[in-house]
Amino acid sequence: MDINIVGPKVFWTIDLPFEVPILGGKIEINETMVISWAVMLIITGLCIFLTHNLKVEKISKRQAVAEWLVELADKFTLGNMGEKFGNFIPFIAALFSLSIFSNLISLLGVRSPTADLNTEAAWAIVVFIMITHQKIKAGGIGGYLKGYTQPIVFLTPFNILSEFATPIGMACRHFGNILSGLVINSLIYAALAAASAALFGLFLPEAISSIPFLDVGIPAFLSVYFDWFSGVMQAFIFCMLTTKYISSAAEG
Amino acid sequence: MSNVLFLTENQELVSFNWTFVAQICNLFIQVLLIKKFLFKPVREILAKRQAKADADIKEAAEAKEEAAAIKSEYEQNMLEAKERANEILATAQKNASEKSEQMIKEATVQAASIRQKAENDIAQERRKAVNELKGEIGSMAMEIAGKVIEREISEKDHEKLIDEFISNVKA
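All figures in this text were calculated on a predicted structure; none of them were measured in a lab.

Visitor: Account for the overall build of chain B, naming residues and giving values.
Guide: Across its full length, chain B carries two helices and zero strands. With respect to the three principal axes, the spread of C-alpha positions in chain B is 200 × 25 × 20 Å. The proportion of buried residues among the 171 residues of chain B is 10%.

Visitor: Please set out the interface of chain A and chain B residue by residue, giving values where relevant.
Guide: Between chain A and chain B, the residue contacts involve 48 residues of the former and 41 residues of the latter. Top element by residues in the side of chain A that touches chain B is helix α1 (residues 31–51) of chain A. It accounts for nine residues. Its residues placed into classes, the side of chain A that touches chain B shows 32 nonpolar, eleven polar and five charged.

Visitor: Lay out the pairing of strand β2 (residues 24–30) of chain A with the relevant residues and their values.
Guide: Residues and elements named next belong to chain A. Summarising the sheet, strand β1 (residues 10–20) and β2 pair through six bridges and their orientation is antiparallel. Each residue of the ladder has a partner; that of Val 10, found in β2, is Asn 30. Two successive antiparallel strands, β1 and β2, enclose a turn made up of three residues, where Ile 22 displays a positive phi of approximately 70 degrees.

Visitor: Explain helix α3 (residues 89–104) of chain A to me, and be specific about the residues and the numbers.
Guide: An α-helix turns once every 3.6 residues. As a result, residues three or four positions apart point the same way. Over its 16 residues, α3 of chain A extends 22 Å from the first C-alpha to the last, a length consistent with the 22 Å expected when each residue adds 1.5 Å. With 15 of 16 residues buried, α3 of chain A lies mostly within the body of the structure.

Visitor: I'd like a rundown of unusual backbone geometry, residues and numbers included.
Guide: Residue and element names in this part refer to chain A. Residue Pro 151 is reached from Gln 150 by a cis peptide bond, and omega for that bond is -10 degrees. One can find Pro 151 in the loop between α4 (117–146) and α5 (156–200). For Asn 53, which is not a glycine, the phi torsion comes out positive at approximately 60 degrees. Examined against the element boundaries, Asn 53 turns out to sit in the loop between α1 and α2 (61–81). Residue class for Asn 53 comes out exposed when judged on the 9 C-beta atoms lying within 10 Å of it. Non-glycine residue Lys 58 carries a positive phi angle of around 50 degrees. Structurally, Lys 58 is set in the loop between α1 and α2. A residue is classified by how many C-beta atoms lie within 10 Å of it, and Lys 58, with 6 of them, is exposed.

Visitor: How would you summarise the environment of Ala 198 of chain A if you had to cite specific residues and measurements?
Guide: Within the secondary structure layout, Ala 198 of chain A lies in helix α5. Since 11 C-beta atoms lie within 10 Å of it, Ala 198 of chain A is described here as exposed.

Visitor: Tell me what's going on with α5 of chain A, and back it up with residues and numbers.
Guide: Residues and elements named next belong to chain A. The end-to-end C-alpha distance of α5, which contains 45 residues, comes to 63 Å, matching closely the 66 Å that a straight helix rising 1.5 Å per residue would cover. Helix geometry: α5 is bent most strongly at Ala 165, by close to 35 degrees, with proline Pro 167 lying one to four residues after it. Buried within α5 we find Pro 167, Met 170, Ala 171, His 174, Phe 175, Asn 177, Ile 178, Leu 179, Gly 181 and Leu 192. Buried residues belonging to α5 abut α3, α4 and α7 (218–250).

Visitor: For the nonpolar core, give the residues involved together with the corresponding values.
Guide: One finds Ile 92, Ala 94 and Leu 95 of chain A together with Ile 34 and Leu 38 of chain B to be the most contacted residues of the largest nonpolar core, which totals 55 residues. Elements supplying a minimum of two residues to this core: α1, α2, α3, α4, α5 and α7 of chain A together with α1 (18–148) of chain B. Ranked by the residues each element gives to this core, the list is headed by α1 of chain B, at eleven residues.

Visitor: With reference to specific residues and values, describe the confidence of the model for chain B.
Guide: Low-pLDDT stretches of the model should not have their predicted coordinates read in fine detail. Scored by pLDDT, chain B has a mean of 86; 91% of the residues are at 70 or more. For residues 1–7 of chain B, every residue scores under 50 in pLDDT, and the model assigns this stretch nine contacts once sequence neighbours within four places are set aside.

Visitor: Tell me what's going on with the packing of α4 of chain A against α1 of chain B, and back it up with residues and numbers.
Guide: One can describe the packing of α4 of chain A onto α1 of chain B by two numbers: an axis separation of 8 Å at closest approach and a directional angle of 55 degrees. The angle between α4 of chain A and α1 of chain B places the two elements in the oblique class. The element α4 of chain A and its partner α1 of chain B pack so that their crossing is right-handed. Residue-level contacts link Asn 118, Thr 119, Ala 121, Ala 122, Trp 123 and Val 126 of chain A of α4 of chain A to Thr 19, Phe 20, Gln 23, Ile 24 and Leu 27 of chain B of α1 of chain B. Grouping the amino acids of the contact of α4 of chain A with α1 of chain B by side-chain chemistry returns seven nonpolar, four polar and no charged.

Each value, and the rule that gives it
- Residues numbered from 1 in each chain as written.
- Chains lettered and ligands numbered in written order.
- Predicted model: local features only at pLDDT ≥ 70, side-chain atom pairs only at ≥ 80, totals over all residues.
- Helix = DSSP H or I, 4+ residues; strand = E, 2+ residues; numbered from the N terminus.
- Buried ≥ 20, exposed ≤ 12 C-beta atoms within 10 Å, placed from the backbone.
- Contact = placed C-beta atoms within 7 Å.
- Nonpolar A, V, L, I, M, F, W, Y, C, P; charged D, E, K, R; others polar.
- Pairing = 2+ DSSP bridges.
- Expected span 1.5 Å × (residues − 1).
- Bend = angle between axes of the 7 residues up to and from the residue.
- Core = buried A, V, L, I, M, F, W, Y, C linked by C-beta atoms within 7 Å.
- pLDDT = per-residue confidence, 0-100.
- Axes fitted to C-alpha atoms, helices over the stretch in contact; angles between N-to-C directions.
- Parallel < 35°, antiparallel > 145°, perpendicular 65-115°, else oblique.
- Left-handed = near helix turned anticlockwise from the far one by under 90°.

So, in structure tokens, the structure goes:
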């Protein structure tokens, strides 16, 4: 049996009249993008559902959940970053919700957008720009550049390396976890299908025994770790690192 | 411009392509969406609730203040009323005692004047009675004397006798 672990499916290709360096000359609308849009629709739909018909008194359960979410986002962001970072709250909330829903949507049997390094790279580069912006804001462009020569000039290349290691590390950590879940899930499905065929092939005709009975139910237990725990954990870690990096950058 | 729909080809497992740009855009779009559809309405309602709570607290404080004012006013009024009642009572008592004293005094005076008058009247009556008696006794004495000693006493003696008798009576 062949187990083929590949990138996202390409649904549509738009050829650009010009070549863009690195990105190439054609835009491929792939699984990652489409499922990301679905995730965004789910998140936004959930927000609208939770916040319609808000009341000042005698609130519904929906409203209680909406208020709890907002307070949670406030507490998480302000608690990790400090009171002056109030305008980062929607960003952190969007990042967290995108990450967690992208991770968990694999439970529906589709490919997670986060199983594509482009997604994490996009988030990490945004975070990296924010970190750099905060550093420059705190110390000025001179102070920012001078920071690379600290504590001695000799360490400058390593400082530059460590600076870029931050977004790369964040992106790869998240991607690696989700991808490993995807890979292991694929392996488990394939292994269980093979085991199922072998087991039921002993006493059933091939037409029936080729149905992978063992694939029903058993992978769900493993998805508790690989999808649920890992998915929630990675979303949390990514946002935690984002808040910590940005706030420590602002301290100079 | 576009190729075949639903190609079954896959991208490389790790490749860098336009998805990167799309995901950056998606992130910012999601920030805006979550801001507009979750944070803005919830913050608005929280602010409204905060305002309402503040207003309620303020109202309660005002009501309490008002109640305290009313209470102190009431107490003040009660105190005044009490004082006034005491005053009225004191005045009434004073008036009553004054009046009774005056009445007693008047009564005493009146009694004294009545007594005086009575005494005067008695004295006058007595004098009157004495005078009447004097006249009557005089004429009676004269008559009796005339009858008793008609012939033996002269006119001269007669008068002398009367005078003597009167002065005796007087004494």
